[in-house]
Structures are given as C-alpha cells and as structure tokens.
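# Structural overview for review
Letter by letter, the chains look like this.
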Amino acid sequence: MARLSKLSRSIAGSVAIITGAASGMGRATAHLFADEGARLALIDINTGALEVVAGEVRSVGAEVLPLTVDLSDRAAVEAAIARIGAHFGGIDILVNNAGFALLAEIDSDAYPHSWDTSLAVMATAQAWAIRAALPFLRQSPHPRIVNVASTEAHGATRFNSAYVVAKHASLGLTRAMAVDLGKEGITVNCVCPGPVRTGITDAIPEEAKQTFANRRTALRRYAEPEEVAQATLSLVLPAASFITGATLLVDGGVTIRNA
Ligand code: NAD
C-alpha cells in the first residue's frame, strides 16, 4: 500500500544560518543541527568562542562557515549573508537567535545604550537578516525562519524594558513576516524561551535560580539549552510546512502559572 505520510523530518544537507552561535542556545542549536546533517553558517561577535564551537561541530563531521559579525552593523549583516549564500550555493534556514541582557531603569544613564543595542541586535538585526536571506530562501524547497524572542515578548520583568520591547518587536516581526512571506511558502515562527542555563543567566547564583524556578515555573527548574534547540529544530523541519506565525513557548510553564 502507498504510504500516506509524505513529509520529511530531515534537515540533512540543508544550509542553516544560526546567529549568536558561540554560546548557549545558539551553540546547542549548532550542535543539534550538525547532528541532523545540516550545513552550518555560524554568526557571532565573539570570534574566539565562535571558533571553538565551529571546531566542535566540525569534529562531528559538519560543514561549517563561522563568521564574526556585529549584528548591530547592517552592512556587515548583509555582507555576511551574501557570503554565506555564495559559499553554500543557497540558504534554507535562518535562526535569528543572538542576544544579551542589559538591565537598566528608564531614568538611568545606562538606559539609552541599553535601548539602542537591545533593539539593534534583538529586533532590527532580525529584520536585516531576513531581508538579506530572502533571495536565497526563495530558491529553497523548504524555506524556514525562526526568531528567538522570550517570555519577555508576552509580559515584562521590571527594569528590563529595552529587552522587553526588543522581544515584543521580534514577535511582531515574526507575525508580520509570516503574513507577508506566506504566499511564497516561507514559514516564520517564534521560539520564546523561559529561564535557560546560558551565558545570559550564568551570573545568577544557583540558589537564586532555584528560588525563581520554584516560584515561577511549573517544572521547578531552568531549561538546558538543548531543550530550546529541539523546539527550534521542530519548526525548521520540512514537515513543519503548515506552521507559520506561531509562538512556541519553551518556558517550563512560566506563562501559564498564576500561583
Ligand atoms: P548567550 O549569552 O549564551 O548567547 C548569546 C550569543 O549572542 C553570544 O554568543 C553573544 O556573543 C552573541 N551576541 C550578542 N550580541 C551580538 C552581536 N551584536 N552580534 C553578534 N552576536 C552577538 O545567551 P542565550 O541565552 O543563549 O541567548 C540566545 C537568545 O535567547 C537571546 O536572544 C536571548 O535574549 C534569548 N533568551 C534567553 C533566555 C535565557 O534564560 N537564557 C531566555 C529567553 C530568551
């Protein structure tokens, strides 16, 4: 009998760009996609850490192009993505993941810098990367975009407004791009992590992490980066062909827990 299922769960051979790949969830995504046979373009501002991750995924057999890019520099983003498209002969998957946390109160001296850089890297750069990758994504049989936002796209932690605004923008960009690019078969989705053990949360003492997890998550713990990478993978599979404009919360229940 002919098989009913026709859609593939393999990204083997696909070209995937991952930003913020030198650490945390970006690094975990690079490892997972490498295990799945993808060809990788890894972008980060931290050259040393990026080279380490490139070496790690190369050692498991992945083809990898690491590029040092400051994502707040639009010309550098455009040049990097053009170079990636030319190097691999196409682009199938774009994961806009890079980010950082710069807490600042609205009336503090640190606020303008926090605002400018947060918006530049976690919102504006996602749009520039999509824009630059589009000519290549249009040639792909299964074009996929994932923007990494946060539970801060659904609420607000105090004194974190630049980050909160950037994450709301990332979610808005996801929805707008899903609507605009849907007719071309390009899917655009948003992964919203809760608390994850990465570079961003490294400085939070273990006890404070556990206190937060007990108070705010249903699962009573932080996530490991790989748990978020798996969610990202699920959205870039060829089989994820009718999922677009979606928000995938990977938050251990933060957003559904009232008490
Ligand atoms: P991380 O610090 O481990 O990794 C972030 C990477 O982004 C770093 O390698 C960093 O060098 C890179 N980066 C920062 N600024 C850049 C720039 N201007 N140009 C290029 N690269 C740059 O942190 P992470 O937690 O893995 O962060 C990944 C994403 O997840 C971010 O968008 C973050 O906001 C989001 N997020 C994190 C958490 C968490 O609890 N860790 C929760 C929700 C959302």
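Now for a look at the structure at hand. Note that the structure is a prediction, hence the values are computed from the model and not measured. (Residues numbered from 1 in each chain as written. Predicted model: local features only at pLDDT ≥ 70, side-chain atom pairs only at ≥ 80, totals over all residues. Heavy atoms only, no water.)

Looking only at helices and strands, the protein has seven helices and seven strands in total. When the helices and strands of the protein are listed from N to C terminus, the series reads β-α-β-α-β-α-β-α-β-α-β-α-α-β. Scaling as 2.2 N^0.38, a compact globule of 259 residues should have a C-alpha radius of gyration of about 18 Å, and the protein matches this with 18 Å. Expressed along its principal axes, the backbone C-alpha trace of the protein runs to roughly 55 × 45 × 40 Å. Here the protein holds 259 residues, and the buried ones make up 49% of them. (Helix = DSSP H or I, 4+ residues; strand = E, 2+ residues; numbered from the N terminus. Rg over C-alpha atoms; globule rule 2.2 N^0.38 Å. Buried < 20%, exposed > 50% of the residue type's maximum accessible area, 1.4 Å probe, protein only.)

Unusually for a residue other than glycine, phenylalanine 159 sits at a positive phi of about 60°. Following the sequence through the fold, phenylalanine 159 ends up in the loop between strand 5 (144-148) and helix 5 (161-181). A residue is classified by how much of its surface remains accessible, and phenylalanine 159, at 44% relative accessible area, is partly exposed. In this structure, arginine 220 is a non-glycine residue whose phi angle is positive, near 60°. With respect to the element layout, arginine 220 can be found in the loop between helix 6 (206-216) and helix 7 (225-236). Given a relative accessible area of 40%, arginine 220 falls into the partly exposed group.

A few words now on the packing of helix 3 (residues 74-88) against helix 4 (residues 111-137). For the pair helix 3 and helix 4, interaxial distance at closest approach is 9 Å and the crossing angle is 25°. Considering their axes alone, helix 3 and helix 4 lie roughly parallel with respect to each other. Relative to helix 4, the crossing made by helix 3 is right-handed. Facing Arg74, Val77, Glu78, Ile81, Ala82, Gly85 and Ala86 of helix 3, the residues of helix 4 in contact are Trp128, Ala129, Arg131, Ala132, Ala133 and Phe136. (Axes fitted to C-alpha atoms, helices over the stretch in contact; angles between N-to-C directions. Parallel < 35°, antiparallel > 145°, perpendicular 65-115°, else oblique. Left-handed = near helix turned anticlockwise from the far one by under 90°. Contact = heavy atoms within 4.5 Å.)

Overall, the coordinates contain one cavity of 30 Å³ or more when judged by the stated rule. If you add up the space inside the largest cavity, you get close to 30 Å³. Per-element tally for the lining of the largest cavity: the top contributor is helix 4, with three residues. Among the residues making up the lining of the largest cavity, the classes are represented as four nonpolar, four polar and no charged. (1 Å grid on protein atoms, 1.4 Å probe; cavity = no way out; pocket = protein on both sides within 12 Å on 5 of 7 lines; lining within 4 Å. Points joined across faces, edges and corners; volume = space filled by probe spheres on them. Nonpolar A, V, L, I, M, F, W, Y, C, P; charged D, E, K, R; others polar.)

What follows concerns the nonpolar core. Across soluble globular proteins, nonpolar side chains have a tendency to be buried as a group. Of all hydrophobic cores here, the largest spans 36 residues; its most connected members are Ile17, Ile43, Leu71, Ile81, Ile84, Ile145 and Leu181. Counting residues per element, the ones that place at least two in this core are strand 1 (15-19), strand 2 (39-44), strand 3 (64-68), helix 3, helix 4 and helix 5. The element best represented in this core is helix 4, accounting for eleven residues. Those residues in contact with isoleucine 84 that sit more than four places away from it in its chain are Ile17, Ala41, Ile43, Leu65, Leu67, Gly89, Gly90 and Ile91. (Core = buried A, V, L, I, M, F, W, Y, C linked by side-chain atoms within 4.5 Å.)

We now examine the site of the ligand. The immediate surroundings of the ligand are formed by 29 residues, with Ser23, Asp44, Asn97, Tyr163 and Thr198 found nearest. Leucine 71 is positioned such that a nitrogen or oxygen atom in its backbone is 3.0 Å from a nitrogen atom of the ligand. Interatomic distance of 3.3 Å between a backbone N/O atom of glycine 194 and an oxygen atom of the ligand. In the complex, 91% of the free accessible area of the ligand, which totals 820 Å², lies under the protein chains. At the level of elements, helix 1 (24-35), helix 4 and helix 5 are the ones that each hand at least two residues to the shell around the ligand. When the residues that make up the shell around the ligand are grouped by side-chain class, the tally is 16 nonpolar, ten polar and three charged. (Near = heavy atom within 4 Å. Polar contact = N/O pair within 3.5 Å; in protein donor to acceptor, adjacent residues only side chain to side chain. Areas by Shrake-Rupley, 256 points an atom, 1.4 Å probe, with all protein chains shown as cover.)

The subject of this paragraph is the side chain of threonine 217. Tracing the backbone through its elements, the reader meets threonine 217 in the loop between helix 6 and helix 7. Looking at threonine 217, its side chain comes within polar contact range of the main-chain oxygen of alanine 213, at 2.7 Å. A polar contact of 3.3 Å, which involves the side chain of threonine 217, links it to the backbone nitrogen of arginine 221. What threonine 217 contacts, discounting residues up to four positions off in sequence, is Pro195, Phe212, Asp251, Gly252, Val254 and Arg257.

Such coordinate-based values are descriptive only and should not be taken to indicate function.
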